[in-house]
Amino acid sequence: MAESLAIDGGVPVRTAEWPPLIPGGSMYGEEEKQAAIEVIEARSPFRYYGIEPLGKVDRLEAAYARYIGTRFALATHSGSTALSVALAALDVGPGTEVIMPAFMWIADVNAVVHLRAVPVLADIDDTLNLDPNDIERHITPRTRAIVAVHMAGTVADVPSIMEIADRHGIAVLEDCSQAAGANIDGRRVGSMGRVGAVSLQYNKNFTTGEGGMITTDDEGVFRRAVCYHDTGFERDIEGVSTGEDSLFETFGMGVRMDELRGALGLVQLDKLPVILAGMRRHHVRLRETLGKTPGIQLRRIVDPEGDSGAYFTWIHKSAGDAARFTSAIRAEGIPVGEPHGGIHQYRYMSNLLKKVPVTTAGCPWTCPFNAESPMEYRAGMLPRSDDLLDRARILPLPAQLTDEDVDDVIRAFRKVARAVL
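Given the structure is predicted, the values throughout are model-derived calculations rather than measurements.

> Report on the overall build of the chain, specifying residues and quantitative values.
Within the chain one finds eleven helices and twelve strands. Taking 22 Å as the expected radius of gyration for a compact globule of 421 residues, we find that the chain reaches 22 Å, a close match to that expectation. Principal-axis analysis of the C-alpha atoms places the extent of the chain at approximately 80 × 55 × 40 Å. Across the 421 residues of the chain, 59% fall into the buried class. Once local pairs closer than 6 in sequence are excluded, the contacts in the chain between residues at least 24 apart make up 73%. Summed over all atoms, the accessible surface of the chain reaches about 17,400 Å², with 51% contributed by carbon and sulfur. For the chain, the distance from the average position of its 44 positive side-chain charges to the average position of its 57 negative side-chain charges is 4 Å.

> Give me the lowdown on the side chain of His283, citing residues and values where you can.
Mapped onto the elements of the fold, His283 is located in helix H7 (residues 259-290). Those residues in contact with His283 that lie beyond four places of it in its chain are Ile301, Asp307, Gly309, Tyr311, Phe312 and Leu397.

> Tell me about the pattern of salt bridges, residues and numbers included.
When charged atoms on two side chains of opposite charge get close, those side chains can pair. Considering all chains together, one arrives at 28 salt bridges under this definition. A salt bridge links Asp91 to Arg144; its shortest N-O distance comes to 3.2 Å. One end of the pair, Asp91, is in the loop between helix H3 (79-89) and strand E2 (97-101); the other, Arg144, is in strand E4 (residues 143-149), and 53 residues separate them in sequence. One salt bridge in this structure joins Asp134 and Arg137, with 2.3 Å as the shortest N-O distance. For Asp134, a relative accessible area of 5% translates into the label buried.

> Before we move on, could you go through the nonpolar core and cite the residues and values that matter?
Within the largest apolar cluster, 100 residues are counted, with the highest numbers of intra-cluster contacts made by Tyr64, Ile146 and Leu173. Discounting residues that sit within four places of it in the chain, Leu173 has contacts with Leu83, Ala86, Leu87, Leu90, Ile146, Val147, Ala148, Val195 and Ala197. In this structure, Ile296, Leu298, Ile410 and Val416 belong to the second largest nonpolar core, which totals 24 residues.

> If you had to explain the sheet that holds strand E12 (residues 392-396) to someone new, which residues and values would you point to?
The three strands lie next to each other as E10-E11-E12, forming an open sheet whose pairing is antiparallel. Of all strands in the sheet, those with a lone pairing partner are strand E10 (296-298) and E12, marking the two edges. Direction aside, neighbouring strands of the sheet carry axes that sit 30° apart on average. Sheet topology places strand E11 (residues 311-316) next to E12; five bridges connect them, and they run antiparallel. Of the residues in E12, the one forming a bridge with Phe312 is Leu395. This element, H7, spans E10 and E11 of the sheet and lies at about 25° to E11. Set on the sheet, helix H8 (residues 319-331) makes contact with E11 and E12; between it and E11 the angle comes to about 135°.

> Run through the state of the cysteines, naming residues and quoting values.
Note on terminology: disulfide describes a covalent bond linking the sulfur atoms of two cysteines. A full pass over the atoms with the stated rule returns zero disulfides. In this structure Cys363 is a free cysteine whose sulfur lies 4.5 Å from that of Cys367, the closest cysteine sulfur available. A residue is classified by how much of its surface remains accessible, and Cys363, at 15% relative accessible area, is buried.

> Summarise the environment of Arg300; cite the residues concerned and give the values.
Among the structural elements, Arg300 can be located in the loop between E10 and E11. In the structure, Arg300 is positioned 172 residues away from Leu128 in sequence and 8.2 Å away in space, judged by C-alpha atoms. In contact with Arg300, not counting residues within four places along its chain, are Asp125, Asp126, Thr127 and Thr154. A distance of 3.2 Å separates the side chain of Arg300 from the side chain of Asp125, its partner in a polar contact.

What counts, and where the lines are drawn
- Residues numbered from 1 in each chain as written.
- Predicted model: local features only at pLDDT ≥ 70, side-chain atom pairs only at ≥ 80, totals over all residues.
- Heavy atoms only, no water.
- Helix = DSSP H or I, 4+ residues; strand = E, 2+ residues; numbered from the N terminus.
- Rg over C-alpha atoms; globule rule 2.2 N^0.38 Å.
- Buried < 20%, exposed > 50% of the residue type's maximum accessible area, 1.4 Å probe, protein only.
- Contact = heavy atoms within 4.5 Å.
- Areas by Shrake-Rupley, 256 points an atom, 1.4 Å probe, with all protein chains shown as cover.
- Lys, Arg positive; Asp, Glu negative; His and termini not counted.
- Charge placed at Lys NZ, Arg CZ, Asp CG, Glu CD.
- Salt bridge = Lys/Arg side-chain N within 4 Å of Asp/Glu carboxyl O.
- Core = buried A, V, L, I, M, F, W, Y, C linked by side-chain atoms within 4.5 Å.
- Pairing = 2+ DSSP bridges.
- Axes fitted to C-alpha atoms, helices over the stretch in contact; angles between N-to-C directions.
- Disulfide = S-S within 2.5 Å.
- Polar contact = N/O pair within 3.5 Å; in protein donor to acceptor, adjacent residues only side chain to side chain.

If you want it as structure tokens, here you go:
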């Protein structure tokens, strides 16, 4: 006899609280404490000079570049400013367009709009990331960049995206904020596009509380990024030629990373492989155990071995099935939900749909340079993406989950699937 579902008055599989998905933050300990104290005792929290400079940010940049496999890395004080600086270094601005997926973080839109450029929305595919097959119809002479966002821990099909971008001479920016450490065929995110950006905000795979990193092999992009992130000033950088009348000296922002965050980042980067291993172990087990459940298909992963493992993600046959399944399994104590609560989709970004201006003059929408980009946004403009997102569901997989926690997921999933699907 089948067990009664908790939603119908039966006994729930689980009553214990699900741990939060704070991969790096959950690993804070004595090492981070001592790293911060070292900077404080040196009385030198600014990266470029001080009473006893320790060079923590310099070391973090060098270590992260080695880890990613790029020539250069640049630290900023947030993931959002990393995106803005990276796009500015790619010469995104008035009169240009940037293609990005329907499912992304609001910071991707913000960075483009703040630079007075125009975001162009494209469909996602069953990776829930940018669909390479929907890029070319959006390319115009004004297209300056394509943003490949690695959402919810899974890598976009960057090789296919790069093939299209290279054919048209367009730069690709990888937003790696939700997938730090993930890879395709051994190439880590942030090393495949022209430039990569990652957030080190609190609930990311490794964290400094707030912070960001930019990675690239392109010396010109790197030099421009250094200027933009440091009030327009080009500093002498080891291994990079500079001149008194530098071509890249410009107007910029003060978004440098400080030494406290640099120190924390070094410790956290060392812990990243352990964090990823914990999430991946649970992720692999769930995909192998539940992947053939009738009525669902797993989210497609270009390289399953390279996934970050942060989320177990699947797609139902219909939005109705997804809604019924979600209500029932949540009642069993398993916090399944829509992808990122449903809020990081273009159709729920009212500021984008309403084309809210960032200046009193109405820019970027009424900027004369953008007159040839009469973009209109409306909910429902990408029905294929809407349908996928309505049918998709995710479960966060914190690294601190136990095998018993995963047992609960498997039991609840099967219990609900038998009754609902």
